[in-house]
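Structure assessment
This is what each chain is made of:
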Amino acid sequence: MAGASVKVAVRVRPFNSREIGKDSKCIIQMSGNTTTIANPKQAKDNKSFNFDYSYWSHTTPEDVNFASQMRVYKDIGEEMLLHAFEGYNVCIFAYGQTGAGKSYTMMGKQDVKDQEGIIPLLCEDLFTKINYNTDNSMSYSVEVSYMEIYCERVRDLLNPKNKGNLRVREHPLMGPYVEDLSKLAVTSYNDIQDLMDSGNKARTVAATNMNETSSRSHAVFNIIFTQKRHDADTENTSEKVSKISLVDLAGSERADSTGAKGTRLKEGANINKSLTTLGKVISALAEVDSGGNKNKKKKKVENFIPYRDSVLTWLLRENLGGNSRTAMVAALSPADINYDETLSTLRYADRAKQIRCNAVINEDPNNRLVRELKEEVSRLKDLLYAQGLGDIIEMTNAMTGMSPSPSLSALSSRAGSIASLHDRIMFSPGSEEAIERLKETEKIIAELNETWEEKLRRTEAIRMEREALLAEMGVAMREDGGTVGVFSPKKTPHLVNLNEDPLMSECLLYYIKDGITRVGRLDASSRQDIVLSGHFIKDEHCTFTSSTGPTGETVVLEPCEGAETYVNGKRVTEPTILKSGNRIILGKSHVFRFNHPVQARAERERTPCAETPAEPVDWAFAQRELLDKQGIDMKQEMEQRLQELEDQYRKEREEANNLLEQQRLDYESKLEALQKQVDRCYPEAPEEEEEPEEEVQWTERERELAVWSSRKWRCYQFTSLRDLLWGNAIFLKEANAISVELKKKVQFQFVLLTDTLYSPLPPDLLPPEVTKDIEKRQFPRTIVAVEVQDQKNGATHYWTLEKLRQRLDLMREMYDRAADVPNNTAEDGESAMTGGDPFYDRFPWFRLVGRAFVYLSNLLYPVPLVHRVAIVSEKGEVKGFLRVAVQAISADEEAPDYGSGVRQSGTAKISFEDQQYEKFQSESCSVGLSRSGISQEELRFVEGEGQNTEMGPSADEVNNNTSGGEEQEAPLKAGLEGALEANPEHLKIGNIFTFRVTVLQASSISAEYADIFCQFNFIHRHDEAFSTEPLKNTGRGPPLGFYHVQNIAVDVTKSFVDYIKTQPIVFEVFGHYQKQPFLPLCKDVMSPLRPCRRQFPRVMPLSKPVPATKLTAVTRPQAGPCHCKYDLMVFFEICELEANGDYIPTAVDHRGGMPCHGTFLLHQGLQRRITVTIVHESGGDLEWKEVRELVVGRLRNTPESDETIVDPNILSLNILSAGYVRPMPDDRQFLDSDMPRTFYRFEAAWDSSMHNSLLLNRVTPYGEKIYMTLSAYLDMESCTQPAVITKDVCMVFYSRDTKLSASRSIRNLFGTGSFRAADGNRVTGVYEVTLCNPADAGSPGMQRRRRRVLDTSVAYVRGEENLAGWRPRSDSLILDHQWELEKLSLLQDVEKTKHYLLLREKLETTLLMGQEALQSCATEELSESPQTSEVARELSSSNEITTERQRELAAKCLRLLLHSFNREYSHVCVSASESKISEMSVTTLRDSPSICALNTITPSSTCPSLVEGCYSNAALRPPTPRSRAVSPNPDTPQEAEAKKSNSGASETKPRTRRFVPDIQEIRVSPIVSKKGYIHFLEPQTNGWVKRYVVVRRPYVYIYNTERDAVERAILNLSSAQVEYSEDQQAMLKTPNTFAVCTEHRGILLQATNDKEMHDWLYAFNPLLAGTIRSKLSRRRAGQMRI
């Protein structure tokens, strides 16, 4: 019954008036339980369905097959009512279209006899059966509820107050229910009938085209039927609750059939929604029940039942496939006009027939169990009676009082006839099992019928028994059941342990049970009651026997044979009666006290006044007792033992002293022997008396050298910046850590400060000894300071190192007191205790923005000038620009009326004292960079670093034309100074000279400075300054207009005239720094003068060499002066083994676009070789000997590598071949035609699996690259140690079968010319090898550089982990500061040059107005190049040459000017015709003065001899060592040959020179100055070769074509001369050409046109190109004037 299907019945009604009016035909036929429907449109299309019941109600009651209301109830209603009495939930619902007879079947017509529906008949029959009940133990109760579901809202039909919508909720046990639904109790059928009538009247009905009284809602009539049964035997009451749900559904309909509109249409939509959901639920349940066995593996998601989609299905969830017996009545219309609706209803009912409901009886599980057990008892009794064993049951009930017997043996003993009973049971098969089952069942019934009070009483009795047993064992319990502690039992004798530790005594209790208690080891043959362990415990040690005698319970101790057992200190071997308090020792270490509570209690009763023993009975008492009884004197034993120990110690000490003395004597004898050996090898020289040193007479040359060396090294011997940075790093780190922990928002970092024009050092930052020595210093002072970034106040301060240490002490005190001072008063407390916060300094309201300089040379002429000068900060950053006008005025000239907005100050009178100015000149040599004989290169080096004279200019220096800046400035100054050697009229000594300074505007100043003002004064006057009014700065709009006019009157002195010739006026711009500036809207207005190196894009890192594995670690000697330098171009290839057995270079991806970069595309699992080719210019000093080792390591997936970690995967490769080779056809260039380059190649086998690295043993994931460092150690012929070439290579691994090809870049894809992939399968590296002479080991400078300084930046300080990786700066700070000083010097040169150019332009304009005299003295000299100016002055003053020295000097300069170009140029044009060369030589020699003066332009950087030409002998000035450019040889070939032969005759043995090699990889500049095609002259063929050239200063990279990815040759512009001559082009008839001369060769280049040539010249040498353009522009201007 529990798994029955849904009962489905169909019923067809008669025609209604609507169907009769349309002459409808019947399409329904029923035969038994089969219902057939005919398709009116297709006669043969009949569909049959089988149901549980098929009711034919289409005809009249006279028809035999007519199904009346009573028949429907008899079949369905009575069965469901019977299930309700059994305790099941019951549901009957009617389904069908509108007007099909659902409500008639369910409710019927109550006022017409025999037409009541199922609901009235069921209710009436329910009370009929209740009234006919005769069982007094049964009682019934009935409750009813009536609700309707209208438009998905629930309404109570029985309670008129609940007119609103009721909420549907779900209970975890009860399931879905309607909140606040009325449940009314009824006692008779009349009560139900009245409630039903009132509910039906409240139902929502309406008229449609298909039914005049169509139900527009679903009606649910619930009956809660409760049955209670009272059991007189057990006094228990059980109940069963049944829920009877009678549902009248609203009719399913179609809008076109019903003619519904408006509200009816909306109602129909909601009705159809709920019925559609009901159909989905029924279909889902049918699929679960029908397909469950076939598709058990389907997911639970597919079996989802959409109960919650509608209120109706939610409430009927238990009735549909749940805990209910369900019946469905489908009402059908017989008319053919309703064919579709009728067919849909039949399919609906057929689908519902497949649903199975799992109904259970609704009763208490305990009561159900009792009921089932009673049934089982009854069945077993019947079974025993049937077997003739009824008397056994009666006898058992009589003996036990109807209680179950514990066992069969007890039952038999009580019966008294065991034998006969046993025989009867054994004779009856299965009777014994039945009796046991009967007893077991009765026992379970008794337990179930036991009341709660009886269970509590039984539990309390068990607890009392347990506590009594525990109390007897000595365990006390609290009232709540928790254990309180352990105490001695009150009756049982026991043993208590005694321990040397008082806390461990009496913690173990061993109970002596009645009978024998055995004591022994765990591994004894028999089980021991008390288990002990130890060396002297036997397996069976002893036994305790407890017995009860006339005197009470006694305990006897009986030791086993050989067991050591002591009682009260005496050893016992026979049984001994124990008394309470006896001390028992088992073995040597187990000590117990025997306690007998009964004996002790009786003893106390006998002697109540017994005194307590004076000494407690503990472990010590037992041990002393044992010793006393054994006759041992413990004190004597201890003294004897102590004496033995003292004797042993004395003996061992004497042996040790003897051994030590013997070793001392041995060592002394060895030292004496060694000293004798030293004396024999190095005999002492006789002491000589020190002779007084004689004064050495220095020559003029030696004196100049001494002065120069003293001046140079003076700034190096007192301080070392690196020492200061490393030594004070720990203080800086600690200050930052304390600042972070105290949340001060202050950061400390090292900074270098140099006293320059733009950044003068404040007096408080100078050490005391520096202020005294400032007059003797020839170089600018550089100090190490601490930059304090106050982020809280937006201020920056500079502290000395001494001030940092002082403040650090205060910071430590503040840190220690930080825990005691509250957070809200910490700052105030510090101010009160220490007089101020050590982290902060007072900061001014206005901060210095920067300085600007305006030169006053225009006052010499005088002409007015308007300057636009850069405002430069202390770090060389251009912060803005300032426009200033300077002009000379007459003393009586009245100031013009400027109008409003212009601030006019009076005339300020200033006196220039010669003594004050001379003092300033002596103190500030670093300010006047051009006045002293010190070069700018010397001034740019920072103290502590030293000047490496062999270090060539960097790429930044070449790009910014640092070479030749000083030389260009000198003739300009000389021209202006020489033009007016005598003072002009307006600058006569003693006159009053007045000039006007007008501060016009300031522009491009950042908006972070709010209020801007400017002050200015002479550079040596610090006491007073002229200041403008502050102006508001927003960073937007027009420039700030100061328009401040200041007239200055000066008494003309010699110092004033010197000042306006050489020194500028200093303008200082101040502004109020805002902590939160405005948006930087004007940041694009001002572009920096030159990008910083740190702003360049980051490229491949330059790693340190991988340590060699085979070479022994040799101390690298210190390098001394540089001997020579070479540029290396190294090709790296990785070859893989092909199928044909050849090693082919793998493809390289050059998509990065940068030279010397590329990614090797490798295959996994192939054998590889690494090939390295070194290319350089041929030279005698560079000769490769052998490859010592090639190591690879530092495998990683990031470009950067941590070189501090020891790499375990370093692999030394096997060198297969090495030697000089011929270049490949593509590598052979025009350079190799006359003087071939050197190609040295070596190859090594590389097995990547030997690294045991996951990066190399797998396919590289997408987007990842593998990086590896390669280092080659090579021996050179003339070097003391191997040179190291290191390269970081990038790789990507693909699978073995992947076909790869080198990726083409955009240049390669769209460029012209041929390109083969094999040519680009390598990566190029550019290196610079330096060969230096070994340094003198004994020089003080070298010893100082070798000095090891403790680097404290790595020491740990407290709180360092909070710095998030911050570290103090060290060597990089020195390099950056050098760059800043270089920027400052360049900016100063730029401002000075701009002033001279502006002045020259102004003077040229004046010449056009007729000032011919000034033109001859100033313009002519300014228009010439630096070299031309010097030569012209020498030639013009030839009549003044009076000495031989001056004549020799002039001839040398002239010869060098001629030979400098001709030698290199003739080398370039070696392939030209001899006639052209001879013609060029004759013409050059004949017209050399004019040619050199007019057309030949050679910058000073390309001709170092000109710089030294001012001396008669080069030895008078220390020559600057040059390794890249070779000075011209003035000797003729014949003289040179003669010298060579003479020297060769004198030298018999060639002297081998040993150098210290150093190879450094050159980082490729990311800035491309120019790229394109250009023609090169090939010397052998006398033809032009077209090559693609990319200029990345200081190197020129030459490619075969634009698509070529590998560099074929390089030129180093920093060591080359770029030369250009218009006359030479005219003679050779090669227009648009210029020459590049290196140390080893000369190259002639030709551009396509004049513009291209000037662009290439600008890329190669910007200074030369600018000079040419300036010359051409002056030439055009002169032609225009003529």
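Above this text is the structure in question.
Report on the accompanying structure. These numbers were taken from a predicted model, which means no experiment stands behind them.

Further remarks concern the sheet that holds strand E4 (residues 46-50). Strand order across the open sheet formed by three strands is E2-E3-E4, with antiparallel pairing between neighbours. Across the chains shown, the open sheet's two edge strands, defined by having one partner strand only, are strand E2 (28-31) and E4. Across the sheet, the axes of successive neighbouring strands diverge by a mean angle of 20°, strand direction being ignored. Where strand E3 (residues 34-38) meets E4, five bridges bridge the pair, whose relative direction is antiparallel. Looking across to E4, one finds that Thr-36 is bridged to Ser-48. Here helix H9 (residues 339-352) sits on the sheet and contacts E2, E3 and E4; the angle it forms with E4, its principal contact strand, is near 35°.

Strands sit in the order E58-E57-E56-E55-E61-E60-E59 across an open sheet of seven strands; the sheet is antiparallel. Each end of this open sheet is capped by a strand with a single partner; those strands are strand E58 (1609-1612) and strand E59 (1617-1619). Sheet twist, expressed as the average angle between the axes of neighbouring strands with direction ignored, equals 35°. Here strand E60 (residues 1633-1637) pairs with strand E61 (residues 1642-1646) via five bridges, running antiparallel. Directly across from Thr-1633, in E61, lies its bridge partner Gln-1646. Those strands touched by helix H41 (residues 1650-1660) are strand E55 (1570-1578), strand E56 (1583-1592), strand E57 (1595-1599), E59, E60 and E61, and its axis lies near 100° from that of E55.

Moving on to the environment of Gly-534. As for its position among the elements, Gly-534 is in the loop between strand E22 (530-531) and strand E23 (540-549). C-alpha separation for the pair Gly-534 and Ser-589, spaced 55 residues apart in sequence, amounts to 7.7 Å.

With that settled, the discussion passes to the pattern of salt bridges. Two side chains that carry opposite charge are able to pair once their charged atoms sit near each other. Taken as a whole and assessed by the stated rule, the structure comprises 45 salt bridges. The partner of Lys-588 in a salt bridge is Glu-564, and the shortest N-O contact between them spans 3.4 Å. Highlighted residues: Lys-588 in the loop between strand E28 (583-586) and strand E29 (590-595) and Glu-564 in the loop between strand E24 (552-559) and strand E25 (565-567), separated in sequence by 24 residues. Here Lys-588 falls in the partly exposed class, since its relative accessible area comes to 47%. Salt-bridge contacts for Lys-875 lead to Glu-787; the nearest nitrogen and oxygen are separated by 3.4 Å. Residue Lys-875 is found in the loop between strand E34 (865-872) and strand E35 (878-889), and its partner Glu-787 is found in strand E31 (residues 782-790); the two are separated by 88 residues along the sequence.

What counts, and at which threshold
Residues numbered from 1 in each chain as written. Predicted model: local features only at pLDDT ≥ 70, side-chain atom pairs only at ≥ 80, totals over all residues. Heavy atoms only, no water. Pairing = 2+ DSSP bridges. Helix = DSSP H or I, 4+ residues; strand = E, 2+ residues; numbered from the N terminus. Axes fitted to C-alpha atoms, helices over the stretch in contact; angles between N-to-C directions. Contact = heavy atoms within 4.5 Å. Salt bridge = Lys/Arg side-chain N within 4 Å of Asp/Glu carboxyl O. Buried < 20%, exposed > 50% of the residue type's maximum accessible area, 1.4 Å probe, protein only.

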